Amino acid sequence: MHNGKPFLRWAGSKKRLIPKLLPYWGDGHKRYIEPFMGSAALFFAIEPSDALLSDINSDLIETFCNLRDHPRAVYNRLQKLPLGEDAYYCIRQEYALKSPSLDRAARFIYLNRFCFNGLYRTNLGGKFNVPYAGSKTGSLPSQDDLSYAAKILSCAQIRTRDFSEALQDVQSGDFVYMDPPYAVQNRRIFRQYGPDSFGIEDIARLAAALADIDRSGATFVVSYAMCREAIEAFAGWNIRRAQTQRSVAGFSKHRRKAVELLISNRKLPDGD
Ligand SMILES: C[S@@+](CC[C@H](N)C(=O)[O-])C[C@H]1O[C@@H](n2cnc3c(N)ncnc32)[C@H](O)[C@@H]1O
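Since we're looking at a predicted model, the values are computed, not measured. (Residues numbered from 1 in each chain as written. Predicted model: local features only at pLDDT ≥ 70, side-chain atom pairs only at ≥ 80, totals over all residues. Heavy atoms only, no water.)

I'd like to hear about the overall build of the protein chain, residue by residue, with values.
In terms of regular secondary structure, the protein chain is built from ten helices and seven strands. Since a compact globule built from 272 residues should have a radius of gyration of about 19 Å, the 18 Å found for the protein chain is in line with a globular shape. Considering only C-alpha atoms, the protein chain reaches an extent of 50 × 40 × 35 Å along its principal axes. Looking at the protein chain as a whole, 51% of its 272 residues are labelled buried. Of the contacts formed within the protein chain by residues at least 6 apart in sequence, a portion of 71% connects residues at least 24 apart. Element-wise, carbon and sulfur atoms account for 48% of the exposed surface of the protein chain, whose accessible area totals about 13400 Å². In the protein chain, 38 side chains carry a positive charge and 29 a negative one; their mean positions are 6 Å apart. (Helix = DSSP H or I, 4+ residues; strand = E, 2+ residues; numbered from the N terminus. Rg over C-alpha atoms; globule rule 2.2 N^0.38 Å. Buried < 20%, exposed > 50% of the residue type's maximum accessible area, 1.4 Å probe, protein only. Contact = heavy atoms within 4.5 Å. Areas by Shrake-Rupley, 256 points an atom, 1.4 Å probe, with all protein chains shown as cover. Lys, Arg positive; Asp, Glu negative; His and termini not counted. Charge placed at Lys NZ, Arg CZ, Asp CG, Glu CD.)

Here's what the structure looks like:
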């Protein structure tokens, strides 16, 4: 039974797509690789026994590594942090001043829980600057939530790196799930993951890497917002369309139906 869940909220998380993504994972897969991990919702749903997780966001990776290695210490620090709007802005300021540590990991989880829509955004100086969202974003993860997440993560190597570097590690039998940010020209989609992390030229870079993954004998799945650029870039692979919901202009309260493309070198039987 799959029962793991992410301990972070994350803009663009594919929580709602999990039922459509799970059928691509098969018993024959040896290792799970996720080069745009974010909150790693699919990883937690699958609970693989061997994994390589990575992302370009070094603050995110620092938090995951600290949680995997010291869940109790992170929880102890987290539950001591004061709640409320004033406290949020103090903790946001402290976060920017601290160097990598368990304290900073606890603060990352805190800020992620109470910030606007699970966004990670920084100012030009690289400081996290997402505003407080109020108290309706749910409570902080419990000790059980964090210990369980750490247990699932104990099988994972977790690194800060560009997706192209992660793809160099792909081997036969691996399962590679890629969920890049949307980088569509001429549309009002926020660059939500830090300055210049994924531009339109990166779609071409990703599309070019798919043939190498296929040749190596691994399975890949890419999820991407339906758009002309993606249909063109990923033509030639098996493409499914999945209905999902997307927040409008970053507001999770206002959702509209959207179509996501699932691109893979594995063809699922009809009905899956
Ligand atoms: C849509 S989110 C992934 C969400 C994830 N599937 C989840 O369940 O939470 C995209 C992620 O890609 C990361 N990213 C952006 N550009 C990247 C790059 N060039 N290489 C690796 N990761 C990148 C962002 O930091 C962000 O966490």
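What follows picks up the thread again.
Account for the packing of helix H4 (residues 71-78) against helix H7 (residues 143-153), with residues named and values stated.
It is the contact of H4 with H7, at a shortest axis distance of 9 Å, that shows an interaxial angle of 150°. As summarised for this structure, H4 and H7 are arranged roughly antiparallel, according to the angle between their axes. As H4 runs across H7, the sense of the crossing is right-handed. Mapping the contact onto sequence places Pro71, Arg72, Tyr75 and Leu78 in H4 and Gln143, Leu146, Ser147 and Ala150 in H7. (Axes fitted to C-alpha atoms, helices over the stretch in contact; angles between N-to-C directions. Parallel < 35°, antiparallel > 145°, perpendicular 65-115°, else oblique. Left-handed = near helix turned anticlockwise from the far one by under 90°.)

Please set out empty space enclosed by the protein residue by residue, giving values where relevant.
Throughout the structure, instances matching the rule amount to two cavities of 30 Å³ or more. By volume, the largest cavity amounts to about 60 Å³. Around the largest cavity, the lining residues are Trp10, Tyr95, Phe108, Leu111, Asn112, Leu119, Tyr120 and Phe128. Ranked by residue count, the leading element in the lining of the largest cavity is helix H6 (residues 102-114), at three residues. When its residues are assigned to classes, the lining of the largest cavity shows seven nonpolar, one polar and no charged. (1 Å grid on protein atoms, 1.4 Å probe; cavity = no way out; pocket = protein on both sides within 12 Å on 5 of 7 lines; lining within 4 Å. Points joined across faces, edges and corners; volume = space filled by probe spheres on them. Nonpolar A, V, L, I, M, F, W, Y, C, P; charged D, E, K, R; others polar.)

Lay out the layout of surface pockets in plain terms, naming residues and giving numbers.
There is about 150 Å³ of room inside the second largest pocket. If you go around the second largest pocket, the residues you meet are Phe163, Ser164, Leu167, Gln168, Val170, Arg205, Ala209, Asp212, Ile213 and Ser216. Of all the secondary structure elements, the ones that give two or more residues to the lining of the second largest pocket are helix H8 (163-167) and helix H9 (200-215). The element that contributes the greatest number of residues to the lining of the second largest pocket is H9, accounting for four residues. Residues of the lining of the second largest pocket, tallied by class, amount to five nonpolar, three polar and two charged.

I'd like a description of the environment of Asp212, backed by residues and values.
Mapped onto the elements, Asp212 comes out in helix H9. Asp212 sits in the partly exposed class, given a relative accessible area of 45%. The spatial distance from the C-alpha of Asp212 to the C-alpha of Gln168 is 9.3 Å, given a sequence separation of 44 residues. At 2.5 Å, the side chain of Asp212 forms a polar contact with the side chain of Arg215. (Polar contact = N/O pair within 3.5 Å; in protein donor to acceptor, adjacent residues only side chain to side chain.)

Explain the pairing of strand S4 (residues 174-178) to me, using residue names and the numbers behind them.
Among the five residues of S4, five are classified as buried, and the element is accordingly described as predominantly covered. Alternating positions in S4 separate into two faces, Asp174, Val176 and Met178 on one and Phe175 and Tyr177 on the other, with burial throughout. The pairing of strand S1 (residues 31-34) with S4 spans three bridges and is classified as parallel. Of the residues in S4, the one forming a bridge with Arg31 is Asp174. Of the pairings in the sheet, the one linking S4 to strand S5 (residues 219-225) comprises four bridges and is parallel in character. Note on S5: the bridge partner recorded for Phe175 is Thr219. (Pairing = 2+ DSSP bridges.)

Now, about the site of the ligand: what can you tell me, with residues and values included?
Around the ligand sit 23 residues, and of these Trp10, Ser39, Asp55, Asp162 and Asp179 come closest. Contact distances for the ligand include 3.3 Å between a nitrogen atom and a backbone N or O atom of Ile56. Here the ligand, which alone exposes 610 Å², has 99% of that area covered by the protein. Here the residues of the shell around the ligand are counted per class, giving eleven nonpolar, six polar and six charged. (Near = heavy atom within 4 Å.)

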